[in-house]
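# Tertiary structure, described
Residues per chain are reported as follows:
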Amino acid sequence: MTTPANGPFFDEAREALDWNKRKADLNERFLKILDHVFQHSRAYLEIYRAAGIARSDIRGLDDLEKLPVLRMEDLVARQKASPPFGRFETCPPEDIRRIYINPGLIFQPGHAGGETYRDTSWAEALRGAGFQAGDRIVNTFNYHMWPLAFMLDEAAEMIGATVIPTGVGNTLMQVRIMQALKANRFIGTPSFIMTLIQRAEGMGLDVRRDLSLETALVGAEMLPESLRDRIRKKLGVSVRQVYGTVFLGCLGYECPAEKGLHVPDGVVVEIVDPRTGRQVAPGAAGELVATCLNPVYPMIRMATGDLSRFAREPCACGRTAPMLERIMGRIDQATKVRGTFVHPWQADQVVSPYPEVFKYQVVITREDDRDVMTFFVEFKEETGRADRIRARIERDIKEVLGIKGRVRTVPRGTIPDGHRKIEDRRTWD
Ligand SMILES: [Zn+2]
């Protein structure tokens, strides 16, 4: 196998191809996987039969919504009933070459013998972050049991880079290794790179001078902009995010524009209303549900529990696939207000149509023994239309959430970074 030429893309011909052509190709690959699933996966056969769906009902990606959303708890229940994989797998268990273990003893097949499928999504992410052939990467994700470190390790091989599989922990050793081998790229969590920075400083090192890092690719945790800034300033490196889940693989990554998360090739991402599984209007927030084309353990419409929305503007980098704006939190941080559940993603649905809003936070308090819901809103800049926008958001709150709420504007910088979208300040003593 030849290593693809260096550059900002892993496979430019594919990644920058006209979206309609890519969609047609994705459609074809999706239908192929679906055929495979209907033929070989007992679990999906049972699920689809119970939902009254036949293979002939699905003629392409436009029919995706007809298929039920697969939740982690369904997968776990099926694994318990039919160990170890819940019969989602499409090959005999003895063909599986590696078994990963996720917390809660949830099993996941790695690749299988004779398999020709190649997941290039993480390699796309590495290239998007600026990684090149000849780089020296410290991969600080855990190599024990979990698949993530292996996935990134294989991706590094695809782009022709060298991996130093340090795993997590051993911070003193890690700093020495990075120094001795002049590692120029880091892969790991944002909190772990902060730990390494502190450790290096504790050893009396000047992290900018004594380490050779140029880029940190971080994932598996939220990355508030304030934290990105701190890492960047400390190390003088670029910090790029990658997003994915172990069962689905990479679902989004940043390019140098850092405007959002590009969905990699071979992945179908939907934003849905978690109550119905139906896709939300373009640009609206909802739960991220994804389908990946891995033939051994296909994940079809798997719910992530993460809240996101598609970016409205295409990115200047030339990638044509859909782009997610960012991960906004979890859908399950619901709060009950006056007997009604309010989900953070619903609050986003109220506020997202207003481009004038920079940031907001919903605060729930008690006044005269009644729940009061207040949307604190920061505008991007002073606007003469503040009163009108405020009134319109109040109208939308009633419409979307079914209960009344008030809107208060606050100066920019009032709402802290990494704030909870819905803050419950009620006390019940
Ligand atoms: Zn881009």
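A few points on the structure. Small disclaimer: the values here were computed from a predicted structure and weren't measured.

For the rest of this paragraph, the subject is the coordination of the zinc ion. Ligation of the zinc ion by protein atoms is provided by C255 (SG), H262 (NE2), C315 (SG) and C317 (SG), these donors lying 2.1 to 2.3 Å from the ion. Along the chain, the residues that donate to the zinc ion are spaced as C-x6-H-x52-C-x1-C. Here H262, found in strand β9 (residues 261–262), pairs with C317, found in the loop between β12 (299–310) and β13 (323–330); they are 55 residues apart in sequence, far enough to count as distant.

Another aspect to go through is helix α10 (residues 225–235). Within the sequence span of α10, burial applies to L227, R228, I231 and L235. Buried residues along α10 cover an arc of 105° about the axis, so they all sit on one side. The first or second residue beyond α10 is G236, which carries a positive phi of 65°.

What follows deals with the sheet that holds strand β17 (residues 370–379). Strands sit in the order β18-β17-β16-β19 across an open sheet of 4 strands; the sheet is mixed. Two strands bound the open sheet, and with one partner strand each, they are β18 (406–409) and β19 (422–424). Across the sheet, the mean angle separating the axes of adjacent strands is 25° when strand polarity is ignored. Relative to β17, strand β16 (residues 357–367) is paired through 10 bridges, and the arrangement is antiparallel.

Moving on, we come to the side chain of R319. Residue position: R319 is located in the loop between β12 and β13. Side-chain polar atoms of R319 contact the backbone oxygen of P8, separated by 2.6 Å. Within the structure, the side chain of R319 is placed 3.0 Å from the side chain of Y253, a separation counted as a polar contact. Those residues in contact with R319 that lie beyond four places of it in its chain are P8, F9, E15, G128, Y253, C255 and H262.

Here K421 shows up in the loop between β18 and β19. There is a polar contact of 3.1 Å between the side chain of K421 and the side chain of D348. Here K421 is in contact with L307, M328, P344, D348, Y360, Q361 and V362, once residues within four sequence places are set aside.

Okay, the environment of G7 next. Mapped onto the secondary structure, G7 falls in the segment before α1 (12–15). Along the backbone, G7 and M151 are 144 residues apart, and their C-alpha atoms lie at a distance of 21 Å. In this structure, G7 is in contact with R127 and Q132, ignoring residues within four places of it in sequence.

Before going further, it helps to examine the nonpolar core. In this structure, F30, Y48, L67, L75, L288 and M299 are the most contacted members of the largest nonpolar core, which totals 48 residues. Where this core is concerned, the elements lending two or more residues are α2 (19–40), α3 (42–50), β10 (267–272), β11 (286–292), β12 and β13. In terms of residue count, α2 provides more of this core than any other element does, 7 residues in total. Those residues within four positions of F30 in sequence are excluded, and the remaining contacts are I58, G60, L61, L64, L67, T291 and L293.

Where helix α8 (residues 190–202) meets α10, the closest approach of the two axes is 11 Å, and the angle between their N-to-C directions is 35°. Seen along the crossing, α8 lies across α10 with a hand that is left-handed. Counting all contacts with α8, which are made through P190, I193, M194, I197 and E201, the residues of α10 involved are L227, R230, I231, K234 and L235.

Further remarks concern the pairing of strand β3 (residues 136–139). In terms of strand pairing, β3 meets strand β4 (residues 162–164) through 3 bridges, oriented parallel. Considered in β4, the bridge of V138 is made with I164. Two elements, β3 and strand β5 (residues 185–188), share 3 bridges in a ladder whose sense is parallel. Following the sheet pairing, V138 is matched in β5 by F186.

Relative to strand β7 (residues 238–245), strand β6 (residues 215–218) is paired through 4 bridges, and the arrangement is parallel. Bridge pairing links A216 to V239 in β7. Taken together, β6, α10 and β7 form a β-α-β motif whose crossover is right-handed. Examined bridge by bridge, β7 and strand β8 (residues 249–253) share 4 bridges and lie antiparallel to one another.

The next subject is the state of the cysteines. Under the criterion given, the structure shown has 0 disulfides. Looking at the unpaired C250, the closest cysteine sulfur is the one in C292, lying at 11 Å.

This part takes up a positive patch on the surface. A cluster of like positive charges, contributed by R338, R370, K398 and K404, occupies part of the molecular surface. Position of K398 relative to the elements: it lies in helix α12 (residues 386–401). Take K398: its relative accessible area is 43%, and that puts it in the partly exposed class.

What follows deals with the packing of aromatic side chains. In this description, an aromatic ring pair is defined by two values, namely the gap between the centres and the angle between the planes. Enumeration over the complete set of coordinates arrives at 9 aromatic pairs. Between Y44 and Y48, the ring centres sit 5.6 Å apart and the planes meet at 35°, which makes this aromatic pair tilted. Here Y44 and its partner Y48 are both found in helix α3, 4 residues apart, which amounts to about one turn of the helix. No difference in accessibility class separates Y44 from Y48, as the two residues are buried. Summarising the aromatic geometry, the rings of Y143 and F150 are spaced 5.4 Å apart at their centres and angled 75° between planes, so their arrangement reads as edge-to-face. Relative accessible area serves as the criterion here: at 18%, Y143 is assigned to the buried category. Taking relative accessible area as the criterion, F150 reaches 22% and is therefore assigned partly exposed. Ring-pair connections join several aromatic residues into one group, and the members of that group are F38, Y44, Y48, F85, F88, F247 and Y297. We note R319 situated over the ring of F9; from NZ or CZ to the ring centre the distance is 4.6 Å. A cation over an aromatic ring shows up here: R412 above the ring of F358, its NZ or CZ 3.5 Å from the ring centre.

Criteria and thresholds
Residue positions are given per chain, counting from 1 as you read along its sequence in written order. In view of the model being predicted, local features appear only for residues whose pLDDT reaches at least 70, and side-chain atom pairs are presented and counted only at 80 or more, with totals across whole chains, interfaces and linings using the full set of residues. Where side-chain values are given, they derive from all heavy atoms of the structure, hydrogens and water being excluded. Metal-coordinating donors are taken as N, O and S atoms lying within 2.8 Å of the metal, or within 3.2 Å when the metal is Na, K or Ca; because water is left out, some sites can appear incomplete. Counting from the N terminus, the helices are the DSSP runs of H or I reaching at least four residues and the strands are the DSSP runs of E reaching at least two. When accessible area is computed with a 1.4 Å probe and restricted to protein chains, residues below 20% of their type maximum are described as buried, those above 50% as exposed, and intermediate ones as partly exposed. Our arc is simply the arc of the directions from the helix axis toward the C-beta atoms. When DSSP finds two or more bridges between two strands, those strands count as paired. Between the N-to-C directions of two axes lies an angle of 0 to 180 degrees, each axis being a line fitted to C-alpha atoms and, for a helix, fitted only over the stretch in contact. We define a polar contact as two N or O atoms separated by no more than 3.5 Å, with the added condition that, inside protein, one atom must be a possible hydrogen donor and the other a possible acceptor, whereas residues neighbouring each other in sequence contribute only through side-chain atom pairs. Note on contacts: a residue pair is in contact if any heavy atoms of the two residues lie within 4.5 Å. Take the buried Ala, Val, Leu, Ile, Met, Phe, Trp, Tyr and Cys residues and link them wherever side-chain atoms come within 4.5 Å; each set so joined is a nonpolar core. Crossing handedness: left-handed means the near helix sits turned counterclockwise from the far one by under a right angle, and right-handed means the same turn made clockwise. By convention, a crossover is right-handed whenever its connection, traced from the first strand over the helix to the second and viewed with the strands pointing away, goes clockwise. Criterion for a disulfide: a pair of cysteine sulfur atoms within 2.5 Å. Here a patch means residues that are over 30% exposed by relative accessible area and free of salt bridges, tied together within 9 Å if like-charged and within 5 Å if nonpolar (Val, Leu, Ile, Met, Phe, Trp, Tyr). Here the open area of atoms and residues is found with the Shrake-Rupley method and a 1.4 Å probe, where only the protein chains shown may cover a residue. Put simply, a salt bridge is a Lys or Arg side-chain nitrogen that is within 4 Å of an Asp or Glu carboxyl oxygen. Positive charges are assigned to Lys and Arg, negative charges to Asp and Glu, while His and the chain termini are left out of the count. Throughout, a charge is located at the NZ atom of Lys, the CZ atom of Arg, the CG atom of Asp or the CD atom of Glu. Only the six-membered ring of Trp is used, alongside the rings of Phe and Tyr, when aromatic pairs are assigned; centres must lie within 6.5 Å, and planes under 30 degrees apart are stacked while those over 60 apart are edge-to-face, with the rest tilted. Charge over a ring is defined by NZ of Lys or CZ of Arg lying within 6 Å of the ring centre and within 35 degrees of the ring normal.

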